[in-house]
Amino acid sequence: MKIVRCAALAAALALLPVVLLSGVLLPSPAYSQGKTAPKDAKLYFITPQDGQKIRGGFWVRFGLRNMGVTHAGDDYQNAGHHHLLVDVNEPIDTKEPIPQDKSHLHFGAGQTETFLELPPGTHTLQLVLGDAKHYPFDPPVVSDKITIRVRQPVSVRRR
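The shown structure was predicted, so the numbers you read here are calculated from the model rather than taken from an experiment. (Residues numbered from 1 in each chain as written. Predicted model: local features only at pLDDT ≥ 70, side-chain atom pairs only at ≥ 80, totals over all residues. Heavy atoms only, no water.)

Draft legend 1. Spatial organisation of the nonpolar core. One finds F58, V60, L84, L116, L125, V141 and I148 to be the most contacted residues of the largest nonpolar core, which totals 22 residues. Residue assignment for this core shows that the elements contributing at least two residues are β3 (42-47), β5 (58-65), β7 (79-86), β10 (121-130) and β11 (146-151). Of all the elements, β5 adds the most residues to this core, at four residues. Excluding its chain neighbours within four sequence positions, the residues that come into contact with I148 are P48, Q49, Q52, I54, F58, L118, G121, T122, H123 and L125. (Core = buried A, V, L, I, M, F, W, Y, C linked by side-chain atoms within 4.5 Å. Buried < 20%, exposed > 50% of the residue type's maximum accessible area, 1.4 Å probe, protein only. Helix = DSSP H or I, 4+ residues; strand = E, 2+ residues; numbered from the N terminus. Contact = heavy atoms within 4.5 Å.)

Structure representation (structure tokens):
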């Protein structure tokens, strides 16, 4: 009888993360969503500076205070990995993983800098810290959005 009770308890506990909605059982959000971050965590750019004018390629260096940097997939408390948003205007959905495309760059190996080459023009950059499964933290750990202007590289004349 104890085995039956234990099995029933285990089944009930397994069903806890399920939401009952209109008689239909739907899985709840993944556990990685809403992973908490310290309220004093700060994500910022070391370089470049907001408003900076740059010629050609440039280094982007990420700063993080009161949290750690780790690899994607490593589920450590108060640690995550960087994502660089380039020319992204829409806000990040905290209930979805951060997309991975030419505007959402992932640094899942724990990198804290990158060399970036952008076409001439005005661009925005913003950092977002993601958890082991690329979800933003709760509250989101994001940098201020900065604007940079990339100028045409100086061409070298050959004789």
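Draft legend 2. Spatial organisation of unusual backbone geometry. Between T47 and the following residue, P48, the backbone shows a cis peptide bond with an omega angle of -5°. As for its placement among the helices and strands, P48 is situated in the loop between β3 and β4 (53-55). With an omega of 0°, the peptide bond between D138 and P139 qualifies as cis. As for its placement among the helices and strands, P139 is situated in the loop between β10 and β11. The phi dihedral of N66 is positive, around 70°, even though this residue is not glycine. Summarising the element assignment, N66 is placed in the loop between β5 and β6 (68-69). The exposure class of N66 is partly exposed, given its relative accessible area of 42%. One non-glycine residue, H134, lies in positive phi territory at about 75°. Position of H134 among the secondary structure elements: in the loop between β10 and β11.

Draft legend 3. Structural detail: the packing of aromatic side chains. Tallying each qualifying case throughout the model produces two aromatic pairs. With 5.5 Å between their ring centres and 70° between their planes, W59 and F115 make a pair best called edge-to-face. Of this pair, W59 sits in strand β5 while F115 is found in strand β9 (residues 113-116), placing the two residues 56 residues apart along the sequence. Seen from their ring centres, F62 and F107 are 5.2 Å apart, and the 65° between their planes marks the pair as edge-to-face. Of this pair, F62 sits in strand β5 while F107 sits in strand β8 (residues 104-107), and the two are 45 residues apart along the sequence. As far as the burial class goes, F62 and F107 line up, both buried. (Phe/Tyr/Trp six-rings, centres within 6.5 Å; stacked < 30°, edge-to-face > 60°.)

Draft legend 4. Fine view of the sheet that holds β3. Strand order across the open sheet formed by three strands is β3-β5-β9, with antiparallel pairing between neighbours. Taken across any chain shown, the strands that pair with only one partner, and hence form the sheet edges, are β3 and β9. Pairwise comparison of adjacent strand axes, ignoring direction, gives a mean angle of 25° for this sheet. In this sheet, β5 lies alongside β3 in antiparallel orientation, the contact comprising five bridges. Bridge pairing links T47 to R61 in β5. (Pairing = 2+ DSSP bridges. Axes fitted to C-alpha atoms, helices over the stretch in contact; angles between N-to-C directions.)

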